[in-house]
Amino acid sequence: MKRSRNVKIVATLGPASETYETIRALFEAGADVFRLNMSHGTHPEIAEKHAIIRQVEQDLDRTIGILADLQGPKLRVGVFANGSEELEPGAAFRMDLDEAEGDLSRVCLPHPEIFAALEPGAHLLVNDGKIRLKVMSCGADFADCEVVIGGTISNRKGVNVPDVVLPLAALSEKDRADLEFACNLGVDWLALSFVQRAKDVFEAKGLADGRAAVLSKIEKPSAVERFGEILDASDGIMVARGDLGVELPVAAVPPIQKRLVRKCRAAAKPVIVATQMLESMIESPMPTRAEVSDVATAIYEGTDAIMLSAESAAGSYPIEAVQTMDRVATEVEADPTYSQIIAASRSAKGDTVADAMVSAAREIAEKTEIKAICCFTQSGTTALLTARERPGVPIIALTPLAKTARRLALSWGCYCVLTPDQSRFKGAVVSAARAARAGGFATETDQIVVTAGVPFNVPGTTNILRVAPCDERLIYSTDPE
């Protein structure tokens, strides 16, 4: 099932999309990767969705990626005697460790680690930033605040602390249990919430132990400040604009998004732009013009993937939301301006043989009548480097490993094909030609570029490039063994 665009679509599953029929329809509409939100649903419910995705994969004979999104530490206030209170600007309000029910003057904040990190002048944001408190004085078990922006504060509302790095592990006990469950289930990606530093990523990767790739969600100012080290440690990135827009001025989010996407592209690591992309389609069959422009902007930036959250998980129009994203992506990528922007935003490449090979493959493909770049990849690195080039022709990633193919389902332009282990280059070229023809990318009269590493099945050995005919008779008569 060949897509007519290169950017990938991630669809979150939930109550609106948990049956075989709906999940299959979502894939056929354009979803390439399915997100399982570990904040919602029991392990048996998540295992059932995982099994359905794999059944769809088998029935349609197309690799599908699965992303398990870990909840991360949730910071919340306690409860109020009246259920809620109305805070007025300028009023004093205390947060403390006292478990007694709250009132108009105070409430419990059962997180001593927050008080340990706070300093006067820091801010506490409640209920997605609708309420803003400024810390005037604080200690090990309290913070006396002034209400800067008032509003209704009620039971167990979330709290954000944008101004300090909290001494919190990115993985709660629930996350550790969920991570082990998801890895044993066989997911392809783990999304790590509220990353603050590289060591958060290393901890998750140590627990995953290669069973799943780790993607860091950038949703805190500290993660933006330390993005270089987090990117180096991560296998991929999600620009999670929800909490990022709470903890930072909303006007700062678009330029941050652009910078992060470009850095991910330069590092050849997949990046997802997420949150509120088609928010109105939770209740409406049609998106707003602004939402369409938001989706288009992320695509013009060269992101690997765009993501639906509640739109596909709990909305009334999950399939229509995927179809909308697919249509927008197809239209944007057909725009000549898109190719110009992508070409102009290519960054300096590395100096390895593999870097030179994929760069040469793109140039050959774009300057001649080549129909596709076929890359043999064991670990996925060659395909990622090829995707970094954002070539003007399709990328066919051939691998003997289902795990590699499924992870690459998240990467820009990668059409993944499972192929038997190769021992001779001629056999690899034949496999590439067959994949190009079978996928509808080329005919017998066309040519493809083939990249591979010799010896085969050794990660990181991309060292050969061949312009090959798709006619197998010509391959056998002209290619060396």
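Look up: the structure comes first, before these words.
Since the structure is predicted, the reported quantities are computational estimates derived from the model, not experimental observations.

## Side note on the pattern of salt bridges
Side chains that differ in sign of charge can pair as their charged atoms come close.
Turning to step 1, where the next piece is worked out: One pass over the structure, following the stated rule, counts 30 salt bridges.
Turning to step 2, where the next piece is worked out: Between Lys49 and Glu18 there is a salt bridge whose closest N-O contact spans 3.8 Å. Residue Lys49 is located in helix 2 (residues 43-60), and its partner Glu18 is located in the loop between strand 1 (8-13) and helix 1 (20-29); the two are separated by 31 residues in the primary sequence.
Turning to step 3, where the next piece is worked out: Residues Arg437 and Glu472 are paired through a salt bridge, measuring 2.8 Å at the closest nitrogen-oxygen approach. In this pair, Arg437 is assigned in helix 17 (residues 425-438) and Glu472 in helix 18 (residues 472-478), connecting sequence segments 35 residues apart.

## Concerning helix 17
Turning to step 1, where the next piece is worked out: In this model, helix 17 (14 residues) spans 20 Å end to end at C-alpha, consistent with the 20 Å of a helix rising 1.5 Å per residue.
Turning to step 2, where the next piece is worked out: Counting buried residues in helix 17 gives ten out of 14 residues, a clear majority hidden from the surface.
Turning to step 3, where the next piece is worked out: Of the positions making up helix 17, those classed as buried are Phe425, Lys426, Ala428, Val429, Val430, Ser431, Ala432, Ala433, Ala435 and Ala436.
Turning to step 4, where the next piece is worked out: One or two steps after helix 17, the chain reaches Gly440, where phi turns positive at roughly 80°.

## Points about the sheet that holds strand 8 (residues 131-139)
For sheets, the rule is that strands pair by backbone hydrogen bonds, running either parallel or antiparallel.
Turning to step 1, where the next piece is worked out: Pairing is mixed across the open sheet formed by six strands, whose spatial order is 6-5-9-8-7-11. Of all the strands in the sheet, just strand 6 (106-108) and strand 11 (159-160) have a single pairing partner and so form its edges.
Turning to step 2, where the next piece is worked out: Of the strand pairs in this sheet, strand 8 and strand 9 (residues 142-149) are connected by seven bridges, and their pairing is antiparallel. In the strand pairing of strand 9, Leu133 is matched with Val147.

## Remarks on the nonpolar core
Turning to step 1, where the next piece is worked out: By size, the foremost hydrophobic cluster in this structure holds 81 residues, and its most contacted members are Phe34, Leu190, Ile299 and Ile306.
Turning to step 2, where the next piece is worked out: Sort the elements by how many residues they give to this core and helix 12 (residues 318-334) lands first, with six residues.
Turning to step 3, where the next piece is worked out: Non-local contacts of Leu190, meaning those with residues more than four positions away in its chain, are made with Leu67, Ala68, Leu179, Ala182, Cys183, Ala208, Ala212, Ala213, Val214 and Leu215.
Turning to step 4, where the next piece is worked out: Membership of the second largest hydrophobic core comes to 27 residues, among which are Leu75, Leu87, Val107 and Val126.

## What to know about the state of the cysteines
Turning to step 1, where the next piece is worked out: Taken as a whole and assessed by the stated rule, the structure comprises zero disulfides.
Turning to step 2, where the next piece is worked out: The cysteine Cys183 is free of any disulfide, with Cys416 supplying the nearest cysteine sulfur at 20 Å.
Turning to step 3, where the next piece is worked out: The exposure class assigned to Cys183 is buried, which follows from its relative accessible area of 6%.
Turning to step 4, where the next piece is worked out: As a non-bridged cysteine, Cys264 has Cys414 as the owner of its nearest cysteine sulfur, 15 Å distant.

## Structural notes on the side chain of Asp304
Turning to step 1, where the next piece is worked out: Within the secondary structure, Asp304 sits in the loop between helix 10 (289-300) and strand 16 (305-308).
Turning to step 2, where the next piece is worked out: By relative accessible area, Asp304 is classed as buried at 4%.
Turning to step 3, where the next piece is worked out: Dropping the residues within four chain positions of it, Asp304 is found in contact with Val7, Lys8, Lys269, Pro270, Val271, Arg390, Leu410, Ser411 and Trp412.

## Some words on the pairing of strand 14 (residues 236-240)
Turning to step 1, where the next piece is worked out: Of all five residues in strand 14, five are buried, a share of seventy percent or more.
Turning to step 2, where the next piece is worked out: Here strand 14 shows a buried face lined by Gly236, Met238 and Ala240 and a second buried face lined by Ile237 and Val239.
Turning to step 3, where the next piece is worked out: Bridge analysis of strand 13 (residues 213-218) against strand 14 gives four bridges, and the strand direction is parallel. Within strand 14, the residue paired with Ser216 across the bridge is Ile237.
Turning to step 4, where the next piece is worked out: Bridge count between strand 14 and strand 15 (residues 271-274): four bridges; the pairing is parallel. Looking at the pairing, Ala240 lines up with Ala274 of strand 15.

## Some remarks on unusual backbone geometry
Turning to step 1, where the next piece is worked out: In the Ramachandran plot, Asp61 falls in the positive-phi region, its phi being about 55° despite a non-glycine side chain.
Turning to step 2, where the next piece is worked out: Along the chain, the position of Asp61 falls in the loop between helix 2 and strand 3 (65-69).
Turning to step 3, where the next piece is worked out: One non-glycine residue, Ala268, adopts positive backbone phi at about 60°.
Turning to step 4, where the next piece is worked out: Within the secondary structure layout, Ala268 lies in the loop between helix 9 (253-266) and strand 15.
Turning to step 5, where the next piece is worked out: On the basis of relative accessible area, Ala268 is assigned to the buried category, the value being 12%.

## Description of the sheet that holds strand 15
Turning to step 1, where the next piece is worked out: One closed barrel accounts for eight strands, arranged 1-2-3-12-13-14-15-16; its pairing is parallel. In this sheet, neighbouring strand axes are inclined to one another by 25° on average, regardless of whether the strands run parallel or antiparallel.
Turning to step 2, where the next piece is worked out: Alignment of strand 15 against strand 16, held across two bridges, turns out to be parallel. Within the sheet, the bridge partner assigned to Ile272 lies in strand 16 and is Ala305.

## As for the packing of aromatic side chains
Two descriptors summarise a pair of aromatic rings, namely the distance from one centre to the other and the angle between the planes of the rings.
Turning to step 1, where the next piece is worked out: All chains considered together, the criterion is met by two aromatic pairs.
Turning to step 2, where the next piece is worked out: Ring centres 6.2 Å apart and planes at 55° place the aromatic pair Tyr300 and Tyr338 in the tilted group. Of this pair, Tyr300 sits in helix 10 while Tyr338 sits in helix 13 (residues 336-344), and the two are 38 residues apart along the sequence.
Turning to step 3, where the next piece is worked out: Judged by relative accessible area, Tyr338 falls into the buried class, the value being 5%.
Turning to step 4, where the next piece is worked out: Taking the centre distance of 4.8 Å and the plane angle of 70° together, the rings of Tyr415 and Phe441 count as edge-to-face. Here Phe441 lies in the loop between helix 17 and strand 20 (447-453) and Tyr415 lies in strand 19 (residues 414-418), a separation of 26 residues in the sequence. Just as Tyr415 is buried, Phe441 falls in that class too.
Turning to step 5, where the next piece is worked out: The lysine or arginine in question, Arg3, covers the ring of Phe27, its NZ or CZ lying 4.6 Å from the ring centre.

About the thresholds
- Residues numbered from 1 in each chain as written.
- Predicted model: local features only at pLDDT ≥ 70, side-chain atom pairs only at ≥ 80, totals over all residues.
- Heavy atoms only, no water.
- Salt bridge = Lys/Arg side-chain N within 4 Å of Asp/Glu carboxyl O.
- Helix = DSSP H or I, 4+ residues; strand = E, 2+ residues; numbered from the N terminus.
- Expected span 1.5 Å × (residues − 1).
- Buried < 20%, exposed > 50% of the residue type's maximum accessible area, 1.4 Å probe, protein only.
- Pairing = 2+ DSSP bridges.
- Core = buried A, V, L, I, M, F, W, Y, C linked by side-chain atoms within 4.5 Å.
- Contact = heavy atoms within 4.5 Å.
- Disulfide = S-S within 2.5 Å.
- Axes fitted to C-alpha atoms, helices over the stretch in contact; angles between N-to-C directions.
- Phe/Tyr/Trp six-rings, centres within 6.5 Å; stacked < 30°, edge-to-face > 60°.
- Lys NZ or Arg CZ within 6 Å of the ring centre and 35° of its normal.

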